[in-house]
Amino acid sequence: MNLTDINEIRALLDRHGFRFSKSLGQNFLTAAWVPEQIADSAGIDKNTGVLEIGPGIGCLTKQLSMRAGKVVAVELDSALKPVLKETLADCDNVETVFGDVLKTDLKALVEEKFTGLRPVVCANLPYNVTSPVLTELITSGLFESITVMIQREVAQRICARENTADYGAFTLLCQWYCETYKLFDVPPSCFIPQPKVTSSVIKLKKRKSPPIAVLDEEQMFKIIRAAFNQRRKTLVNALSSAMGIDKVFVQNAVVSCGLDERVRGEVLDIVKFAQLSDIFTKNVPENVG
Ligand code: SAM
């Protein structure tokens, strides 16, 4: 069966009485080159254990199965159970798990299912939960790489450089834990039903260590969130109001990082945020947070 042929997909889904769910972000691929290219980009071989999130009818799962040692595919929609049983019948190295990936104990899953394998993620993510799923995957530190298709707008935010409109707290979170790469775009015409927006495939490679040492990582991210929560304000105003810290202290800290006191948060790269955070840690730990 060709799992990207639109007529075969329709016949398969009709046979199983399946209805697409918008709230589950169900847009299935209908262009053979897309799952092939996603799987090719993921750096998978027989020593790899792949976690796929949302296999749908299994078109990417099949490509992963051909390349990997093992694939575990977590799918929330149990209506896809009989469909996947049929489409993945000859994929011996695939295990499907029915449940919500956001409620799954990923550490236990990796330990149980991927013993002796390099764990990676490869998926066409459901768009409605992209950010929480990626945050969970990235901060878990469990996966060597994460190759996923997401909305282009979110891909641009993840891969943004400082001083651009796309740059924000989520950019810095992703780039703190991973090297980020935007690989290629996929137009709406490659899906059924067609989404309203263009998609992009990105690859996140886990860093061996953070891009720079920082005394208190948690505090640095508090500062980052405060800076971008009110991104139109100057950094000094945003931080002093959000964190309840004396404005003169923040001003001095910003200037001692070699920055203009009227600077906005979006101008700072991760190194500057780490530097600023260390000044806070050394001088006003009891005030922060
Ligand atoms: N992989 C298929 C493809 O590329 O054609 C389907 C991708 S579709 C964009 C997203 C899939 O994720 C759907 O099958 C949906 O049911 C599933 N899904 C949605 N939310 C989920 C969750 N929280 N946990 C696991 N799967 C989820």
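This text goes with the structure placed above it.
Quick summary incoming for the structure in this document. (Residues numbered from 1 in each chain as written. Predicted model: local features only at pLDDT ≥ 70, side-chain atom pairs only at ≥ 80, totals over all residues. Heavy atoms only, no water.)

Quick look at the site of the ligand
Link 1 in the chain: Near the ligand there are 22 residues, and of these Leu 29, Gly 54, Glu 75, Asp 100 and Asn 124 occur at the shortest range.
Link 2 in the chain: One of the backbone N or O atoms of Gly 54 is found 2.9 Å from a nitrogen atom in the ligand.
Link 3 in the chain: One of the backbone nitrogen or oxygen atoms of Val 101 is found 3.0 Å away from a nitrogen atom of the ligand.
Link 4 in the chain: Out of a free accessible area of 600 Å², the ligand has 98% covered by protein chains.
Link 5 in the chain: Counting atoms within 2 Å of the grid points, the majority share of the ligand lands in the largest pocket.
Link 6 in the chain: Looking at the shell around the ligand, the elements with two or more residues in it are strand S1 (28-29) and strand S3 (70-75).
Link 7 in the chain: Of the residues that constitute the shell around the ligand, the class distribution is 11 nonpolar, 7 polar and 4 charged. (Near = heavy atom within 4 Å. Polar contact = N/O pair within 3.5 Å; in protein donor to acceptor, adjacent residues only side chain to side chain. Areas by Shrake-Rupley, 256 points an atom, 1.4 Å probe, with all protein chains shown as cover. 1 Å grid on protein atoms, 1.4 Å probe; cavity = no way out; pocket = protein on both sides within 12 Å on 5 of 7 lines; lining within 4 Å. Sits in = over half its atoms within 2 Å of the grid points. Helix = DSSP H or I, 4+ residues; strand = E, 2+ residues; numbered from the N terminus. Nonpolar A, V, L, I, M, F, W, Y, C, P; charged D, E, K, R; others polar.)

A look at the layout of surface pockets
Link 1 in the chain: In this structure, the largest pocket encloses a volume near 450 Å³.
Link 2 in the chain: Taken together, 32 residues make up the lining of the largest pocket; nearest its centre are Leu 24, Gly 25, Gly 54, Glu 75 and Pro 126.
Link 3 in the chain: Mapped onto the lining of the largest pocket, the elements with two or more residues apiece are S1, strand S2 (48-53), helix H3 (59-67) and S3.
Link 4 in the chain: Among the residues forming the lining of the largest pocket, the class breakdown is 20 nonpolar, 9 polar and 3 charged.
Link 5 in the chain: Each pocket or cavity is described by its volume, and for the second largest pocket that value is around 300 Å³.
Link 6 in the chain: If you go around the second largest pocket, you meet 14 residues; those closest to its centre are Lys 22, Asn 27, Tyr 127, Pro 195 and Lys 196. (Points joined across faces, edges and corners; volume = space filled by probe spheres on them.)

Description of the state of the cysteines
Working definition: the covalent bond between the sulfur atoms of two cysteines is a disulfide.
Link 1 in the chain: On inspection of all chains with the given rule, the structure shows 0 disulfides.
Link 2 in the chain: This cysteine, Cys 59, is not joined by any disulfide, and Cys 122 carries the nearest cysteine sulfur, 11 Å off.
Link 3 in the chain: Its sulfur unpaired, Cys 174 is 6.9 Å from the next cysteine sulfur, which belongs to Cys 178.
Link 4 in the chain: For Cys 174, a relative accessible area of 0% gives the class buried. (Disulfide = S-S within 2.5 Å. Buried < 20%, exposed > 50% of the residue type's maximum accessible area, 1.4 Å probe, protein only.)

Some details on the environment of Ile 202
Link 1 in the chain: Relative to the assigned elements, Ile 202 resides in strand S9 (residues 199-206).
Link 2 in the chain: Residues Ile 202 and Leu 215, spaced 13 residues apart in sequence, show a C-alpha to C-alpha distance of 30 Å.

Describing helix H9 (residues 217-229)
Link 1 in the chain: An ideal rise of 1.5 Å per residue puts 18 Å on 13 residues; H9 measures up with 18 Å between its terminal C-alpha atoms.
Link 2 in the chain: Within H9 the residues assigned to the buried category are Gln 219, Met 220, Phe 221, Ile 223, Ile 224, Ala 226, Ala 227 and Phe 228.
Link 3 in the chain: Close packing links the buried residues of H9 with helix H8 (169-177), helix H10 (235-243) and helix H12 (270-283).
Link 4 in the chain: With a side-chain oxygen lying 3.2 Å from the backbone nitrogen of Glu 218, the N-terminal cap of H9 falls on Asp 216. (Expected span 1.5 Å × (residues − 1). Contact = heavy atoms within 4.5 Å.)

Re the packing of helix H11 (residues 247-256) against H12
Link 1 in the chain: Put simply, H11 and H12 touch, their axes get as near as 9 Å, and they point 135° apart. Taken together, the axes of H11 and H12 lie oblique to each other. In this structure, H11 meets H12 at a crossing whose hand is right-handed. From H11, Phe 249, Val 250, Ala 253, Val 254 and Ser 256 reach across to H12, where they touch Leu 276, Ile 279, Phe 280 and Asn 283.
Link 2 in the chain: In the contact of H11 with H12, the residues fall into 7 nonpolar, 2 polar and no charged. (Axes fitted to C-alpha atoms, helices over the stretch in contact; angles between N-to-C directions. Parallel < 35°, antiparallel > 145°, perpendicular 65-115°, else oblique. Left-handed = near helix turned anticlockwise from the far one by under 90°.)

Describing the packing of aromatic side chains
Link 1 in the chain: Under the criterion given, the structure shown has 8 aromatic pairs.
Link 2 in the chain: With a centroid separation of 6.0 Å and 25° between ring planes, the pair formed by Phe 18 and Phe 28 is classed as stacked. Within this pair, whereas Phe 18 is found in the loop between helix H1 (6-15) and S1, its partner Phe 28 is found in strand S1, the two being separated by 10 residues in sequence. Phe 28 shares its class with Phe 18; the two are buried.
Link 3 in the chain: Members of the aromatic cluster, joined through ring pairs, are Phe 18, Phe 20 and Phe 28. (Phe/Tyr/Trp six-rings, centres within 6.5 Å; stacked < 30°, edge-to-face > 60°.)

Notes on the nonpolar core
Link 1 in the chain: Leu 51, Leu 134, Leu 137, Ile 158, Leu 239 and Leu 276 are the most contacted members of the largest nonpolar core, which has 60 residues in total.
Link 2 in the chain: Looking at this core, the element that brings in the most residues is H9, giving 7 residues.
Link 3 in the chain: Non-local contacts of Leu 276, meaning those with residues more than four positions away in its chain, are made with Ile 223, Leu 235, Leu 239, Ala 253, Val 254, Cys 257 and Leu 268.
Link 4 in the chain: Counting 36 residues, the second-largest nonpolar core is a separate cluster that includes Phe 18, Ala 68, Val 71 and Cys 190. (Core = buried A, V, L, I, M, F, W, Y, C linked by side-chain atoms within 4.5 Å.)

Here we look at the packing of helix H2 (residues 33-41) against H3
Link 1 in the chain: Across the interface, H2 lies against H3 with an axial gap of 9 Å and an inter-helix angle of 40°. When the interaxial angle is binned, H2 and H3 end up oblique. For the element pair H2 and H3, the recorded crossing hand is right-handed. Seen from H2, the contacting residues are Pro 35, Glu 36, Ile 38, Ala 39 and Asp 40; seen from H3, they are Cys 59, Leu 60, Gln 63, Leu 64 and Arg 67.
Link 2 in the chain: Considered class by class, the residues forming the contact of H2 with H3 number 6 nonpolar, 1 polar and 3 charged.

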